[in-house]
Amino acid sequence: MFLCSLSCVIICIYTLLFLRHARSRNYVSESEMCKLESIPLDFGDYHPLKPITVTESKTKKMNRKGSTSSTSSSSSSSMLDPLSSVLDGTDPLSLFAAAADPVTTDSTRKKRDKDDSSAVGSDFEPWSSKRGDILARYTTTEKLSIVSGSFSRKATTTGSAVSEKVRTRLEELDDLEEGSQKELLNLTQQDYMNRIEELNQSLKDAWSSDQKVKALKIVIQCSKLLSDTTVIQFYPSKFVLITDILDTFGKLVYERILSMCMDSRVSLPDNFSPESVNDTAKETCLNWFFKIASIRELIPRFYVEAAILKCNKFLSKMGISECLPRLTSMIRGIGDPLVAVYARAYLCRVGMEVAPQLKESLNENFFDFLLTFKQIHGDTVQNQLVVQCVEIPLYLTLYSPAIDWILQCIAYRAPEVLLTEMMERCKNLGNNALLLNSIMSAFRAEFIAARSMDFIGMIKECDESGFPKHLLFRSLGLNLALADPPESDRLQILNEAWKVITKLKNPQDYINCAEVWVEYTCRHFTKREVNTVLADVIKHMTPDRAFEDAYPQLQSIIQKVITYIYDFSLLFSVEKFLPFLDMFQKESVRVEVCKCIMESFIKHQQESTKDPVILNALLHICKTMHDSVNALTLEDEKRMLAALINGFIKMVSFGRDFEQQLSFYVEARSMFCNLEPVLVQLIHSVNQLAMETRKVMKGNHSRKTAAFVRACVAFCFITIPSLSGIFTRLNLYLHSGQVALANQCLSQADAFFKAAVSLVPEVPKMINVDGKMRPSDTFLLEFLCNFFSTLLVVPDHPEQGVLFLVRGLLNVIQDYTWEDNSDDKVRIYTNVLHLLSAMTQEAYIYHVDKVDSNDTLYGGDSKFLTEINKLCETVIAQILDHLKTLGKEETLKRQSQLALHFFNTILAHGDLRNNKLNQLSVNLWNLAQKHGFADTSTMVTTLEYIKKRSKQPEMSHFTDLALRLPLQSRT
């Protein structure tokens, strides 16, 4: 204690003498300095307290290499120390400083600066990631106060003497510290934060308007706020806000000096040396340090100098390594332990940014903190806590961000032996819980896990009054979730931790710890231990519905359980798993948990299942998700839920027990009727089931399988109308009709096709596709083409007449209202001609196994062919009528294209030996070229094809046709 008191007295004397000494120096502004004659100075060993030797004619300074630089007395007269002549050229404070700090040799410095971890990698968690958490955690409802300066400029004399300007500059700095301040009282936390933000903006504005002294005043004012602990629980957040301003200031100063180093608009490289910095930039940088050295109060002087620590790079290679120990020593003069530890945290933060290889200063900061740690329990601090009504446990948590950061910097890429040293120091302090918690949070999880039992022993010996033991076990559990402890210790570790956790009375404390240790349990033990842990959680969280305040932690537990137990037969055999799910009473949370479980099932379930335990549990979970859907549910959410349920349905298989499979689909349809994609999936699944039955029976159904297939068809037929999407229904009618036809269910197939035909008139002109309205013509054309392909093999019903489905579809197409500028109707009619042409063949080009098509039923009957020819004539007449309507000038190009398209249809599917058809094709050819819109290359290619066909056997009529098809050139 005597040494500490003595050191404080020495520092005070040192500061007073130095200020007197500094106030007499010519600390001028940047703009004024640039007007002075350039003086070549060596800044390699700069220190404000180093001796300056003055002679009558020359000023000499030795640089690191022993060379000298001289300037005339006339050139340097404005920069001489006015005390030098009085003190015979030697500064007594420099002698004092030299005695206190022996000069470090170059070899020692090089050895000290050499470190493998010279750069901070991406694995180092930056301060910015902690900022938000601190601001959110450390809040207050009490009123705050802040000192606001007016920052008004005083009138200056017009004299040109440098001494007058220096006096003015110093008075401006004194103006902030003495008289031009006012205190804003009774501010809310938000008002306080807004005021800090205003100061930050004022700093930027002052800097941009070249008011550098005003900017420095603002920074000094903000730094002084860090000595105020009147609302102590807000101090960590205040530290974050103020250091943001300091960071801004440090960046502005550094960039300002860096910009002065540009030579021919070429900036310095990142790894520049002080030798490449010009004298003007060095002088400006030195001037900033002189300005900061004149700040009277310790805390603002420390913070502002730490903020521009990086600027030492402009002066000396060793500048930063020399300043860090000095700044570390300055913190010893801060009496409040909370203020001091955050000052150390800021110095460590700046140190890691500018010189991460200098680990000695990091360690020294932490060890200094340990030496003063007992102050926390001293009378001064205790009295302050009594006045502010703050309990010691809450007060200790205020230290956590600072200590955690300091230890994170120390532990970054540190060897394992350093952890051993930290543990020993912690033991020497009586296993202080706060320090132990920070140590476990900072060092690598592998190091902590390997010493798990040692840490448990230290936790047991900790005093629980200041920092709860359950928080220590939580920190230990976080490490064990990342790294494995020795196998022989695993069960003992769990037992020791759970003895403490299960005794916790506060549900929130309990669940915060249990959440962490559940992962350890799932990772290393069987379902028996997991079940025990889940049962204990239920026991603690059920009374008074405590689970309602712990949904995030409970969700985390579920996530960890299904992460490690992804065998769902094993998972659902855990007795307490489903009762655990019952604690999620809030619907939105319950649905999120169900989604999480289903995602895990779909991801990890490799084989289909019929396990009744799994099916019942997952049906219940899917039902929960389905029942959450209402009128306000977003479409994206519906799609997500439907995708999860469909993934489950696809994974269910009862093998050859088709009836049980169909029963499952029927039950699923009743449970998930509000999600259309699920109903669509069920229809597809049932159709697939019918086809699998056909495959097993090789197409020869027995009475039982035929009845089963009809049941599948009936399932689809009564489900499809419940769907809202028009094209979804059309395609499912077609697909299900094809399945029914393949299974020889002819009457059921006819019912599907009739339903599809009757649905076509309901197709709207515009449909919603992925949230955008699009014309439906393209989709209708695609569907009808597929439909025509199916109708070729559909046999006529004996009671319905010849081609009753084709005739019905043609009537629907005729009555459908098409867009005036659309040619889709003609394109559909040409596809009908393709179908009718195929129907005239003696044997169709494809068939459905064990189903007799019309080629077999009619056997090329002349009456059947006559009916087809009549339909062809009707369709051709419709096409020609449409072509006539396109005779207007604005539609001639469409007429040309359609005429050529119709010509190609006749060429491919018509019998050109028929004179009428042959003449029609010639007329279409001429119409396509009539108005000059035909593509010549296409016409040439088509004509060459005709000539090629004419050389084939029985194709001589193509020769005559080719001669009648002239090629017209465009005019």
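Here is what the cut-offs are and how they apply
- Residues numbered from 1 in each chain as written.
- Predicted model: local features only at pLDDT ≥ 70, side-chain atom pairs only at ≥ 80, totals over all residues.
- Heavy atoms only, no water.
- Helix = DSSP H or I, 4+ residues; strand = E, 2+ residues; numbered from the N terminus.
- Buried < 20%, exposed > 50% of the residue type's maximum accessible area, 1.4 Å probe, protein only.
- Disulfide = S-S within 2.5 Å.
- Pairing = 2+ DSSP bridges.
- Contact = heavy atoms within 4.5 Å.
- Phe/Tyr/Trp six-rings, centres within 6.5 Å; stacked < 30°, edge-to-face > 60°.
- Lys NZ or Arg CZ within 6 Å of the ring centre and 35° of its normal.
- Salt bridge = Lys/Arg side-chain N within 4 Å of Asp/Glu carboxyl O.
- Core = buried A, V, L, I, M, F, W, Y, C linked by side-chain atoms within 4.5 Å.
- Axes fitted to C-alpha atoms, helices over the stretch in contact; angles between N-to-C directions.
- Parallel < 35°, antiparallel > 145°, perpendicular 65-115°, else oblique.
- Left-handed = near helix turned anticlockwise from the far one by under 90°.
- Nonpolar A, V, L, I, M, F, W, Y, C, P; charged D, E, K, R; others polar.
- Polar contact = N/O pair within 3.5 Å; in protein donor to acceptor, adjacent residues only side chain to side chain.
- Expected span 1.5 Å × (residues − 1).
- pLDDT = per-residue confidence, 0-100.

**Examining the overall build of the chain**
For step 1, the next point in the chain: Helix and strand counts for the chain stand at 46 helices and six strands.
For step 2, the next point in the chain: When burial is assessed residue by residue, the chain has 51% of its 971 residues classed as buried.

**Observations concerning the state of the cysteines**
For step 1, the next point in the chain: As enumerated under the stated definition, the model contains zero disulfides in all.
For step 2, the next point in the chain: Of all cysteine sulfurs, the one in C622 lies closest to C594, which takes part in no disulfide; the gap is 8.3 Å.

**Looking at unusual backbone geometry**
For step 1, the next point in the chain: Phi is positive for C389, which is not a glycine, with a value near 55°.
For step 2, the next point in the chain: Assignment of secondary structure puts C389 in the loop between α16 (379-388) and α17 (392-397).
For step 3, the next point in the chain: We note that R413 has phi near 55°; this positive angle belongs to a residue other than glycine.
For step 4, the next point in the chain: With respect to the helices and strands, R413 occurs in the loop between α18 (400-411) and α19 (416-428).
For step 5, the next point in the chain: On the accessibility criterion, R413 (46% relative accessible area) is partly exposed.

**Looking at the pairing of strand β5 (residues 766-769)**
For step 1, the next point in the chain: As paired elements, β5 and strand β6 (residues 772-775) share four bridges and run antiparallel to each other. If you follow I767 over to β6, its bridge partner there is R774.

**Quick notes on the side chain of Q929**
For step 1, the next point in the chain: Mapped onto the secondary structure, Q929 falls in helix α44 (residues 915-930).
For step 2, the next point in the chain: The residues touching Q929, leaving out its near neighbours within four places in the chain, are A934, M939, P966, L967 and Q968.

**Considerations on the packing of aromatic side chains**
What characterises a pair of aromatic rings is the spacing of the ring centres plus the angle enclosed by the ring planes.
For step 1, the next point in the chain: Following the criterion strictly, the structure yields 43 aromatic pairs and no others.
For step 2, the next point in the chain: With a centroid separation of 5.7 Å and 55° between ring planes, the pair formed by F568 and F572 is classed as tilted. Considered together, F568 and F572 belong to a single accessibility category, that of buried residues.
For step 3, the next point in the chain: Measuring from ring centre to ring centre gives 5.2 Å for F717 and F752, while their planes differ by 75°; the resulting arrangement is edge-to-face. Here F752 lies in helix α37 (residues 746-759) and F717 lies in helix α35 (residues 703-719), a separation of 35 residues in the sequence.
For step 4, the next point in the chain: In this structure an aromatic cluster arises from ring pairing among F124, W127, Y235, F239, F302, Y303, Y342, Y346, W405 and Y412.
For step 5, the next point in the chain: When the ring centre of Y254 is taken as origin, the NZ or CZ atom of K310, which lies over that ring, is 4.4 Å away.
For step 6, the next point in the chain: Above the plane of the ring of Y816 lies K765, whose end atom (NZ or CZ) is 4.6 Å from the centre.

**Some details on the pattern of salt bridges**
For step 1, the next point in the chain: Counting across every chain of the model gives 32 salt bridges.
For step 2, the next point in the chain: In this structure, E416 engages R451 in a salt bridge whose closest nitrogen and oxygen atoms are separated by 2.4 Å. Here R451 lies in the loop between α21 (445-450) and α22 (452-461) and E416 lies in helix α19, a separation of 35 residues in the sequence.
For step 3, the next point in the chain: Close ionic contact of D911 with R913 constitutes a salt bridge, the shortest N to O distance being 3.0 Å.
For step 4, the next point in the chain: Residue classification places D911 among the partly exposed residues on the basis of a relative accessible area of 40%.
For step 5, the next point in the chain: Ionic contacts of the salt-bridge type, sharing partners, join the residues R332, R344, E364 and D368 into one network.

**Structural notes on the nonpolar core**
For step 1, the next point in the chain: F366, W517, V537 and F648 are the most contacted members of the largest nonpolar core, which has 310 residues in total.
For step 2, the next point in the chain: The greatest single-element share of this core, amounting to 13 residues, is contributed by helix α10 (residues 235-260).
For step 3, the next point in the chain: With residues up to four places along the chain from it excluded, the contact list for V537 reads Y510, I511, A514, L554, I557, F580 and M583.

**Some words on the packing of helix α9 (residues 212-224) against α10**
For step 1, the next point in the chain: For the pair α9 and α10, the least separation of the axes is 9 Å and the interaxial angle reads 150°. If you check the angle between α9 and α10, you find them roughly antiparallel. Here the hand of the crossing between α9 and α10 comes out left-handed. Listed contacts from α10 to K212, L216, V219, C222 and S223 of α9 are I242, I245, L246, F249 and R256.
For step 2, the next point in the chain: Split by residue class, the contact of α9 with α10 holds seven nonpolar, one polar and two charged.

**Brief notes about the packing of helix α15 (residues 359-371) against α19**
For step 1, the next point in the chain: Running from N to C, α15 and α19 cross one another at 15°; their axes reach a closest spacing of 11 Å. As judged from the angle between their axes, α15 and α19 are roughly parallel. Where α15 crosses over α19, the two elements pack in a sense that is right-handed. Together, F366, F367 and L370 of α15 and E421, M422 and R425 of α19 make up the contact between the two elements.
For step 2, the next point in the chain: The residue inventory of the contact of α15 with α19, partitioned by class, reads four nonpolar, no polar and two charged.

**Let's talk about the environment of F584**
For step 1, the next point in the chain: Note that F584 resides in the loop between α29 (577-581) and α30 (587-604).
For step 2, the next point in the chain: Sequence-wise, F584 and F547 are 37 residues apart; in three dimensions their C-alpha atoms are separated by 7.7 Å.
For step 3, the next point in the chain: Apart from residues no more than four positions distant in its own chain, F584 is found in contact with Y551, L554, Q555, I558, V589, R590 and V593.

**What about the environment of Q605?**
For step 1, the next point in the chain: Position of Q605 relative to the elements: it lies in the loop between α30 and α31 (612-627).
For step 2, the next point in the chain: Between the C-alpha atoms of Q605 and F568, which are 37 residues apart in sequence, the distance is 8.0 Å.
For step 3, the next point in the chain: Beyond its immediate sequence surroundings of up to four residues, Q605 is in contact with S600 and M651.
For step 4, the next point in the chain: Side-chain polar atoms of Q605 contact the backbone oxygen of E607, separated by 3.0 Å.

**Thoughts on the side chain of S950**
For step 1, the next point in the chain: Relative to the assigned elements, S950 resides in helix α45 (residues 936-950).
For step 2, the next point in the chain: Note on S950: relative accessible area 14%, which makes it buried.
For step 3, the next point in the chain: Side-chain polar atoms of S950 contact the backbone oxygen of K947, separated by 2.4 Å.
For step 4, the next point in the chain: The contacts of S950, once residues within four sequence positions are left out, are M955, S956, F958 and T959.

**A short note on the environment of Y858**
For step 1, the next point in the chain: Within the secondary structure, Y858 sits in helix α41 (residues 854-858).
For step 2, the next point in the chain: Y858 gets classed as partly exposed once you look at its relative accessible area, which sits at 24%.
For step 3, the next point in the chain: For Y858 and E842, which are 16 residues apart along the polypeptide, the C-alpha to C-alpha distance reads 9.5 Å.
For step 4, the next point in the chain: Not counting residues within four places of it along the chain, the set of residues in contact with Y858 comprises D796, V802 and F864.

**Side note on helix α24 (residues 490-501)**
For step 1, the next point in the chain: Here α24 contains twelve residues, and its C-alpha end-to-end distance of 16 Å stays within 8% of the 16 Å for a straight helix at 1.5 Å per residue.
For step 2, the next point in the chain: All buried positions along α24 are accounted for by R490, I493, L494, E496, A497, W498 and I501.
For step 3, the next point in the chain: Turning to α24, the residues buried within the fold contact α22, α23 (469-480), α25 (507-524) and α26 (527-541).

**A look at the confidence of the model for the chain**
For step 1, the next point in the chain: Across the chain, the average pLDDT comes to 82, with 82% of residues at 70 or higher.
For step 2, the next point in the chain: Predicted confidence for residues 150-162 stays below pLDDT 50, and this span has 16 contacts to residues more than four positions away or in other chains.
For step 3, the next point in the chain: Throughout residues 176-180 the model reports pLDDT below 50, and contacts reaching past four residues in sequence, or to other chains, amount to 15 contacts.

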